[in-house]
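Listed below are the residues making up each chain.
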Amino acid sequence: MESGKDAAGGFIDRGEVARFDALAATWWDEAGPMRVLHRFNPVRLGYIRDALCRHHGRDPEVPFALDGLTICDVGCGGGILSEPLARLGASVTGLDPAEKNLAAGRAHAEAAGVRVEYQARTIEEVVATGATFDAVLIMEVVEHVSDMPAFVRSACAAVKPGGLLFAATINRTMRSFALAIVGAEYVLGWLPRGTHNWEKFVRPDDLSAAIRAGGLTVTDTTGVAYNPLNDGWRLSRDMAVNYMLSAARPA
């Protein structure tokens, strides 16, 4: 598995890219290998929508609550999060190094009549063009890159003055090893074996430090917990396994 800075300028782990590229055809199969991500999607979509609406003084319940906002979804995969954000009116750019993932996203968006700009570029390449966004998303991606602090700083650089960064990842604790790897991959079979490497899980303090180094201030943190009663996920005070956060760049 490669590590370090990729020749194209991004902190890409080529082993991780190959693993997700092989799953490209299953991105939109809600009963397939991405089933957990589909079940997780409503809580992270709601978190992002509500935070952006609070930040911009908008009503999150209106049909196009994010109209006019620009969002960059880094490590977008097949567009499971990019597409519903575009349905809320946002102008969404989805970045992913796996071409097959992007092809799956484009095909699904076209069939659904939703516009998402999918690009096979790294966030470092986008930052080099001078592009910035109202919101940058690094959701379920920081645990898959080769240099987390450098990657996060690049993502922060793409946030406009007054803009927001959103991150979701897995804490590095013994509970996360038991639940996110042993339980999810080997016992329950929710995820393909080898999806995660516990040593690359990211503690909240480490992620927050990387965000501060990028010039942003963490404004909110929350745990995310599985609810077996409805086979869904909910916000929680418990950050020992899954968690999300938001951060702001001063205006």
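Going by the structure above, here's the rest.
First, a word on what this report is: a plain description of the structure on this page. (Residues numbered from 1 in each chain as written. Predicted model: local features only at pLDDT ≥ 70, side-chain atom pairs only at ≥ 80, totals over all residues. Heavy atoms only, no water.)

### A few points about the pattern of salt bridges
Counting across every chain of the model gives 6 salt bridges. The salt bridge partner of Glu83 is Arg87, with a shortest N-O separation of 3.5 Å. Of this pair, Glu83 and Arg87 are both found in helix α3 (residues 82-87), 4 residues apart, which corresponds to roughly one turn of the helix. With relative accessibility at 2%, the residue Glu83 sits in the buried group. Where Asp238 meets Arg175, a salt bridge forms, and the shortest distance between an N and an O atom there is 2.8 Å. In this pair, Asp238 is assigned in the loop between β7 (232-236) and β8 (242-248) and Arg175 in helix α7 (residues 174-187), connecting sequence segments 63 residues apart. (Salt bridge = Lys/Arg side-chain N within 4 Å of Asp/Glu carboxyl O. Helix = DSSP H or I, 4+ residues; strand = E, 2+ residues; numbered from the N terminus. Buried < 20%, exposed > 50% of the residue type's maximum accessible area, 1.4 Å probe, protein only.)

### Structural notes on helix α6 (residues 148-157)
Taking burial as the measure, the 10 residues of α6 include 7 buried ones, the bulk of the element. Of the positions making up α6, those classed as buried are Met148, Ala150, Phe151, Val152, Ser154, Ala155 and Cys156. In this structure, the buried residues of α6 make contact with β1 (70-74), α5 (123-128), β4 (133-139), β5 (159-170) and α8 (204-213). The opening residue of α6, the one whose side-chain oxygen lies 3.2 Å from the backbone nitrogen of Ala150, is Asp147. (Contact = heavy atoms within 4.5 Å. Polar contact = N/O pair within 3.5 Å; in protein donor to acceptor, adjacent residues only side chain to side chain.)

### Considering α8
Of the positions making up α8, those classed as buried are Pro204, Leu207, Ser208, Ala210 and Ile211. Seen along its axis, α8 keeps its buried residues to an arc of 160°; they face one direction. Exposed residues on α8 whose side chains face more than 90 degrees from its buried face are Asp205, Arg212 and Ala213. Where α8 is buried, its residues touch α6, β5, β6 (217-227) and β8. In the segment just after α8, Gly215 is the residue with positive phi, at about 90°. (Arc of directions from axis to C-beta.)

### As for the packing of aromatic side chains
Applying the stated criterion across every chain, the model contains 3 aromatic pairs. Each ring, one from Phe40 and one from Trp233, has its centre 5.3 Å from the other, and the planes form 85°; the classification is edge-to-face. Pair noted here: Phe40 is in helix α2 (residues 35-56) and Trp233 is in strand β7, with a separation of 193 residues, a long-range link. The same class applies to Phe40 and to Trp233, which are both buried. Judged by centre distance (6.2 Å) and plane angle (80°), the rings of Tyr47 and Phe166 are edge-to-face. Of this pair, Tyr47 sits in helix α2 while Phe166 sits in strand β5, placing them 119 residues apart in sequence. Across this residue pair, the class does not change: Tyr47 and Phe166 are buried. Ring pairs connect the aromatic residues Phe40, Tyr226 and Trp233, which therefore count as one cluster. (Phe/Tyr/Trp six-rings, centres within 6.5 Å; stacked < 30°, edge-to-face > 60°.)

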